[in-house]
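Residue-level structural notes
Here is what each chain is made of, one letter per residue.
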Amino acid sequence: MSSDPCSFSSFARCVTKHLNLSLRVDFDRRVIGAKVELTVEALEDRFSALTLDTSDLKVISVNANGQEARFTMGPKHSFKGTPLEITLPFDLSRGQHVIVEVTYETSPSAKALQWLSPEQTAGKKQPYLFSQCQAHHCRSMIPCQDSPSVKHTYYAQVSVPKELVAVMSAMRDGQEVDPQDNSHIVYRFRQPVPMPSYLIAIVVGALESREIGPRSRVWSEKEYVDKAAFEFSETEAMLKTAEGLAGPYVWGQYDILVLPPSFPYGGMENPCLTFATPTLLAGDRSLSNVIAHEISHSWTGNLVTNKTWEHFWLNEGHTVYLERMIGRCMESEQFRQFKAMGGWKDLQDSVNTFGSNNPLTNLVPSLQDVDPDDAFSSVPYEKGFALLYHLEELMGGPEVFMGFVKSYIQMFAYSSVTSEEWKNYLFTYFKDKVDILNKVDWNAWMFTPGMPPVKPQYDTSLADACIALSQRWIKAKDQDLSGFKQSDLKSLSTHQVVEFLSLLLQEDPLPLTHVMKMQDVYDLNSSMNSEIRFRWLRLCVRSKWEEAVPIALKMATDQGRMKFTRPLFKEVFNFDKFHDEALRVFVAHRGEMHPVTAGLVAKDLKVDASLSTSL
């Protein structure tokens with residue numbers, strides 16, 4: 001068993017097979033009172049002690065098969081939390097199971113949880129709770145073996161105030177009035193497919209749902225629910241397309257939950273219940289590729305999982321590859337190529353941000369003493385995709401390579417893998433093409449920082465119009481500005497407008513006159529598409545358009561998707577005149593931000609943590 005630099009738990013000596021959770025959600029104190037029973041299998045003889053991951057948990061008692069067990073909390077680590085050392089009152093032989101029961105309470109500052117006041121929700125009347133466990137935050141909600149190398153099933157009972165609804169990353173299994181407290185309802189959930197701890201998820205709020213397909217509902221506050229039902233109406237078509245590519249969907253239900261705006265990611269592939277940011281609700285279904293991405297994770301990530309976060313590209317590179325194959329089937333091969341080009345630019349951005357010699361830009365980085373949240377970027381997604389696309393070209397095209405991806409999924413389903421195991425399987429599957437595979441510079445691709453050693457030649461047909469228009473703006477002199485017309489954008493799709501703005505962001509800042517003229521003819525300020533608005537506001541701030549600064553800071557704080565919030569804050573922070581304003585706005589809004597987002601923006605803006613919390 002390879003060791004996991006991000007976990008204290010003793011998974012070489014024992015593995016968790018099942019979790020049975022009883023949770024009581026307390027909005028007044030912002031804690032969850034809980035009991036978890038872990039079914040643990042010993043992997044060695046004379047097994048009598050185990051370590052679980054915890055973070056800011058108040059552990060009240062530990063039992064093993066109903067007998068009291070001694071426990072101690074080890075020293076607290078900066079990001080790994082605190083090891084919970086449990087001594088069993090008896091020995092187990094290899095292969096025997098023990099049920100370890102931990103009674104505990106979460107902390108109001110648990111990293112996995114965000115507690116929203118009614119004012120922070122769309123409905124403004126009821127509080128809201130959601131979790132985000134990836135990568136290593138499940139331990140702040142549940143004492144567990146918090147490593148993606150360990151997979152288990154789970155059952156849960158969640159007691160919540162009766163005005164609210166609870167949903168989890170599992171199949172719904174009924175509800176009843178809480179026998180202990182008739183002001184509460186207990187919701188029950190079961191997850192019969194083994195999965196890693198980072199995929200355990202919970203949401204409690206004033207939720208409604210609408211059916212959008214034979215195995216899909218969309219969940220959200222009522223203010224978003226019809227909009228979301230429209231936006232994600234292609235879900236079943238995407239699921240069927242994905243099954244055609246990757247094999248049967250094993251998770252039963254595929255629901256989508258639209259979260260409040262502070263949710264830090266675009267989406268999160270929680271099984272049976274994808275989490276989605278409300279910034280996807282563009283009104284024209286143009287951002288539904290995020291749903292194609294999360295659907296793809298049902299195979300790559302959830303069914304076949306990276307063994308440690310160092311191999312995160314196995315989750316994300318394959319998922320981007322599958323997501324773009326879904327785009328190819330539902331749109332066209334040109335569309336896939338166009339999206340791949342956009343991804344290459346995102347990769348260049350990440351490499352520029354980290355620095356091209358930064359080891360975190362390796363496809364397979366070392367995460368010894370590195371917080372996985374700090375390592376998160378486009379690299380595993382887009383460097384991973386670029387490698388798979390390069391191999392696709394070498395091995396004989398999309399149909400041939402998709403055959404390998406499907407076979408890899410079947411081979412490693414329900415388990416966790418390393419890059420080495422993936423590569424060995426690649427060589428086994430393409431055993432008649434080993435001479436070609438041996439010519440690949442594996443060390444440069446996997447263990448060398450910076451951009452990949454090979455730049456794929458993508459088909460530019462859908463990008464040509466974007467390139468031409470961006471070049472016109474870059475080359476235009478002031479006297480040429482009258483040549484731009486509103487109709488320039490009319491022939492472009494939403495995806496192409498995003499690409500046009502991305503191209504401009506790769507160049508030196510445009511003169512302020514140009515950006516003001518662009519607003520004049522294209523009225524981009526009125527765009528409600530988050531991907532367009534985000535890039536447009538970055539462009540404006542870079543060109544030192546002062547009027548854009550409050551609009552950019554408003555977007556950075558009205559929603560909390562890190563993809564948008566972190567760069568917007570950084571752009572304003574780097575505009576010397578507004579350096580202090582960026583800090584002031586961050587400190588003012590920090591309390592309502594997600595804890596992970598707030599921590600990373602603080603690092604971006606070099607804010608001293610102790611200072612900012614006391615202000």
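Structure: see above.
Structure report, in brief. Since the structure is predicted, the reported quantities are computational estimates derived from the model, not experimental observations. Each chain has its residues counted from 1, running along the sequence as written. Owing to the predicted nature of the model, reporting of local features is limited to residues with pLDDT of at least 70; listing and counting of side-chain atom pairs is limited to 80 or more, with chain, interface and lining totals taken over all residues. Only hydrogens and water are removed before side-chain values are computed, so all heavy atoms of the structure are retained for them.

1. Concerning unusual backbone geometry
Here Gln-134 and Ala-135 are connected by a cis peptide whose omega angle stands at 5°. Strands here mean DSSP runs of E at least two residues long; helices mean DSSP runs of H or I at least four residues long; both are numbered from the N terminus. When you line up the elements, Ala-135 lands in the loop between strand S10 (128-131) and strand S11 (152-161). A positive phi angle is found at Asp-369, which is not glycine, with a value near 60°. Although it is not a glycine, Lys-544 adopts a positive phi angle of roughly 60°. Inspection of the secondary structure puts Lys-544 in the loop between helix H16 (530-542) and helix H17 (548-558). Only protein chains enter the accessibility calculation, which uses a 1.4 Å probe; a residue is then buried when its area is under 20% of its type maximum, exposed when over 50%, and partly exposed in between. On the basis of relative accessible area, Lys-544 is assigned to the partly exposed category, the value being 46%.

2. Describing the sheet that holds strand S12 (residues 165-168)
At least two DSSP bridges between two strands are needed for those strands to be called paired. A sheet is described by the order of its strands in space; here four strands give the open sequence S9-S10-S15-S12, paired in antiparallel fashion. Across the chains shown, the open sheet's two edge strands, defined by having one partner strand only, are strand S9 (113-116) and S12. Pairs of neighbouring strands in the sheet enclose a mean axial angle of 10°, with direction left out of account. The pairing of S9 with S10 spans four bridges and is classified as antiparallel. Counted as the bridge partner of Leu-116 is Tyr-128 from S10. Only the contacting stretch of a helix is used when fitting its axis, a line to C-alpha atoms as for every element, and angles between N-to-C directions run 0 to 180 degrees.

3. Here's the deal with the sheet that holds strand S7 (residues 82-92)
In spatial order, the strands read S3-S7-S6; together these three strands make up an open sheet with antiparallel pairing. Two strands bound the open sheet, and with one partner strand each, they are strand S3 (47-54) and strand S6 (70-73). Each strand axis lies, on average, 20° off the axis of its neighbour in the sheet, ignoring direction. Summarising the sheet, S6 and S7 pair through four bridges and their orientation is antiparallel. Among the inter-strand pairings, Arg-70 is bridged to a residue of S7, identified as Thr-87.

4. Some points on the side chain of Gln-337
Its place among the elements puts Gln-337 in helix H5 (residues 333-354). Classification of Gln-337 as buried rests on a relative accessible area of 5%. For Gln-337, the residues in contact, after removing those within four places along its chain, are Tyr-389, Gln-457, Tyr-458 and Asp-459. Whether two residues are in contact is decided by their heavy atoms: any pair within 4.5 Å suffices.

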